[in-house]
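Residue-level structural notes
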Amino acid sequence: MNDLENIIKELKQSGASAKEAEELGLLSKNISNLYRFERSQFTKTSFLLHFPGHGEGLRYSKWLILSFMAIILMLSAGSYTIVDAQNSLPGDLLYPVKRLTENIVSAVNPSFSGQMLKRRSEEIKALSAQNNSSNLQGTINDYEQTLNKNNKINLRSVEQSAQNLEEASKSASLNNKPEIEKVILQTDNKQKQLEQQYENKTMDREGHNGDFWNNGKD
Amino acid sequence: MQLKKEFERTYLKFSDKIYKYVYLNTRDPNLAEDITSEVFLKVWKNWEKINTDFIQAYLYKVAKSVMIDHFRKDSRTKKTSLEDMTELGIEPHYDENLIEKLEKDENIGKVTRALQYLSKNLKEVVILRFVNELSARETGQILGISEVNVRVLQFRALKKLKEIISNE
């Protein structure tokens, strides 16, 4: 922590007058106070809990979550595992378990919706390759809902979903192709919208070229 | 086992500072969380080889490199370690309350905007020295300059920042 008196002293040593040093010292303290925030404990714990091969210090809470998941598993899918369910497709016995676990995770972490979008696109790709028209339309509807009713989707998930849909379109039958192309168009629009938002946020407003390390001319 | 605990302690101690450093350079609170996760994922991969005596300076170095990579690469083709995480079903959790605060707080917005007018070295000195409240010595270690230089730069940075904020 920087002590105000020390900062004032340092500023004077660097050539500031007494008045200037005091003003700038106060500005520095205001900046420190303004940004003295922390991300929520949940955000940090969430990262550590899901860290690959990690979370030793959080073993207890991880165990609780696993137990909770195990109860859902027993209630919903007998001897199958949740891991198996994550690879299931619409129409499979375990598919409701997959959706249930997604709903639980997204209730806790709204940003999981990006992952849900990607999952629906993977399902469309797989169902299209199998020419499974009976389940395909419902999955396309689910995809559309996730895409349009969610504002927590990140650009990367949309890009990955777009790729999956392109592949789905290639293997689709003539009957299914128009529906898939319709969601490809919606996905492209969403992607452009997110890219624009992203660009607006990251580009310097004074027209710098994206290399934020070289902005300013001091 | 010990390594994992050390890593967790390091994450809990420094992740907010790295987040603020990235946020003030990108001005995107969601991206800042993504990049912070990616920084720690990269650091964890080399954890056994890292000299933890200089971990703070190392974290900023990795953060800088991840940000540069992020802006250089074509977003359609890049494959990041964060993407590896999402493929494993892991996505960073975004602190929505904080994001709202960052987007709505007028004073934070004013200073964050003003910082973008500073040159790279002046901006970094302000972020490290006053936002993250590091000492002149620590700031010097991270930026690879002397303490005296840090003091000279902080004087220039504050002077310029004051001018920008008063003219806004």
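Residues numbered from 1 in each chain as written. Chains lettered and ligands numbered in written order. Predicted model: local features only at pLDDT ≥ 70, side-chain atom pairs only at ≥ 80, totals over all residues.

**Description of the overall build of chain B**
In plain terms, the rule: Under the scheme used here, helices are H or I runs from DSSP no shorter than 4 residues and strands are E runs no shorter than 2 residues, and both carry numbers assigned from the N terminus. Three classes are used. A residue is buried when 20 or more other C-beta atoms lie within 10 Å of its own, exposed when 12 or fewer do, and partly exposed in between, with C-beta atoms placed from the backbone. We call two residues in contact when the distance between their C-beta atoms, placed using the backbone, is within 7 Å.
Within chain B, the regular secondary structure consists of nine helices and zero strands. Counting all 168 residues of chain B, 47% fall into the buried class. In chain B, once contacts between residues fewer than 6 apart in sequence are set aside, the share between residues at least 24 apart is 67%.

**A closer look at the overall build of chain A**
Helix and strand counts for chain A come out as ten helices and zero strands. Listed N to C, the secondary structure of chain A is α-α-α-α-α-α-α-α-α-α in terms of helices and strands. A burial count over chain A gives 28% of its 218 residues as buried. Taking the intrachain contacts of chain A between residues at least 6 apart in sequence as the baseline, contacts between residues at least 24 apart amount to 52%.

**Structural notes on the confidence of the model for chain A**
Residues and elements named next belong to chain A. Defined as follows: Along the chain, pLDDT gives the predictor's confidence residue by residue, from 0 to 100.
The share of residues in chain A with pLDDT of 70 or more is 76%, and the mean pLDDT across the chain is 79. Residue range residues 55-60 is modelled with pLDDT below 50. Its contacts to residues more than four positions away, or to other chains, number eleven contacts. Confidence drops under a pLDDT of 50 for residues 205-218, and excluding neighbours within four residues, the segment shows 21 contacts in the predicted structure.

**With respect to unusual backbone geometry**
In this model, A:Asn131 sits at a positive phi of 55°, which is unusual for a non-glycine residue. Tracing the backbone shows A:Asn131 in the loop between α7 (113-129) and α8 (133-148). With a phi close to 55°, B:Glu133 is a non-glycine residue in the positive phi region. Among the structural elements, B:Glu133 can be located in the loop between α7 (120-131) and α8 (136-143). Using a count of 16 C-beta atoms within 10 Å as the deciding quantity, one classes B:Glu133 as partly exposed.

**So, helix α2 (residues 29-45) of chain B**
In plain terms, the rule: Each residue after the first adds 1.5 Å to the expected span of a helix.
The terminal C-alpha atoms of α2(B) lie 25 Å apart, and with 17 residues this matches the ideal 24 Å at 1.5 Å per residue to within 8%. Burial within α2(B) is extensive, with 15 of its 17 residues counted as buried.

**Some thoughts on helix α2 (residues 18-34) of chain A**
The cut-off we apply is this: The arc in question is formed by the directions pointing from the helix axis toward the C-beta atoms.
The terminal C-alpha atoms of α2(A) lie 24 Å apart, and with 17 residues this matches the ideal 24 Å at 1.5 Å per residue to within 8%. Buried within α2(A) we find A:Ala21, A:Leu24, A:Gly25, A:Ser28 and A:Ile31. Mapping the buried residues of α2(A) onto a view down its axis gives an arc of 120°, with all of them on the same face. Relative to its buried face, α2(A) has exposed residues pointing more than 90 degrees away, namely A:Lys19 and A:Asn33. Buried-residue contacts for α2(A) involve α1 (4-13) of chain A together with α6 (106-115), α7 and α9 (147-167) of chain B.

**Concerning the packing of helix α1 (residues 2-26) of chain B against helix α3 (residues 55-72) of chain B**
All names here are of chain B. Put simply, the test is: Axis geometry follows a simple rule: fit a line to the C-alpha atoms, using only the stretch in contact for helices, then measure angles between N-to-C directions, giving values from 0 to 180 degrees. Working rule for handedness: look at the near helix, and if it is turned counterclockwise from the far one by less than a right angle, call the crossing left-handed; if clockwise, right-handed. The classification used treats Ala, Val, Leu, Ile, Met, Phe, Trp, Tyr, Cys and Pro as nonpolar, Asp, Glu, Lys and Arg as charged, and all other residues, Gly among them, as polar.
The contact between α1 and α3 brings their axes to 10 Å, and the two run at 40°. As α1 runs across α3, the sense of the crossing is right-handed. Note on element contacts: α3 touches α1 through Ile 55, Gln 56, Leu 59, Tyr 60, Ala 63 and Met 67, opposite Thr 10, Phe 14, Ile 18, Tyr 21, Val 22, Asn 25 and Thr 26. Along the lines of polarity and charge, the residues of the contact of α1 with α3 split into nine nonpolar, four polar and no charged.

**Focus: the environment of B:Glu96**
Note on placement: B:Glu96 falls in helix α5 (residues 96-104). Looking at B:Glu96, the number of C-beta atoms within 10 Å reads 15, which means it is partly exposed.

**Quick look at the packing of α8(B) against α9(B)**
Residue and element names in this part refer to chain B. Formally: In this scheme, roughly parallel covers angles under 35 degrees and roughly antiparallel covers those over 145, while 65 to 115 is roughly perpendicular and the rest are oblique.
Close contact between α8 and α9 brings their axes to 8 Å; oriented N to C, the two are set at 100°. What the angle tells us is that α8 and α9 run roughly perpendicular. Taken together, the residues of α9 that come into contact with α8 (itself represented by Ala 136, Arg 137, Thr 139 and Gly 140) are Glu 147, Asn 149, Val 150 and Arg 151.

**Brief notes about the nonpolar core**
Residues and elements named next belong to chain B. The criterion, for reference: Working definition: the nonpolar core is a set of buried Ala, Val, Leu, Ile, Met, Phe, Trp, Tyr and Cys residues, joined through C-beta atoms within 7 Å.
Membership of the largest hydrophobic core comes to 53 residues, with the highest contact counts inside it found for Val 22, Val 39, Ala 63 and Val 126. The element that contributes the greatest number of residues to this core is α1, accounting for nine residues. Ignoring any residue separated from it by four or fewer positions in sequence, one finds Val 39 in contact with Ile 18, Leu 59, Val 62, Ala 63 and Val 66.

**What about the environment of B:Phe40?**
Take B:Phe40: it is sitting in helix α2. Discounting residues that sit within four places of it in the chain, B:Phe40 has contacts with B:Tyr11 and B:Ser15.

**Section: the confidence of the model for chain B**
Residue and element names in this part refer to chain B. Confidence along chain B averages 88 in pLDDT terms, with 88% of residues attaining 70 or more. Taken element by element, chain B is modelled with least confidence in helix α4 (residues 81-87), mean pLDDT 58, and with most confidence in α7, mean pLDDT 96. Predicted complex metrics record ipTM = 0.89 and pTM = 0.58.

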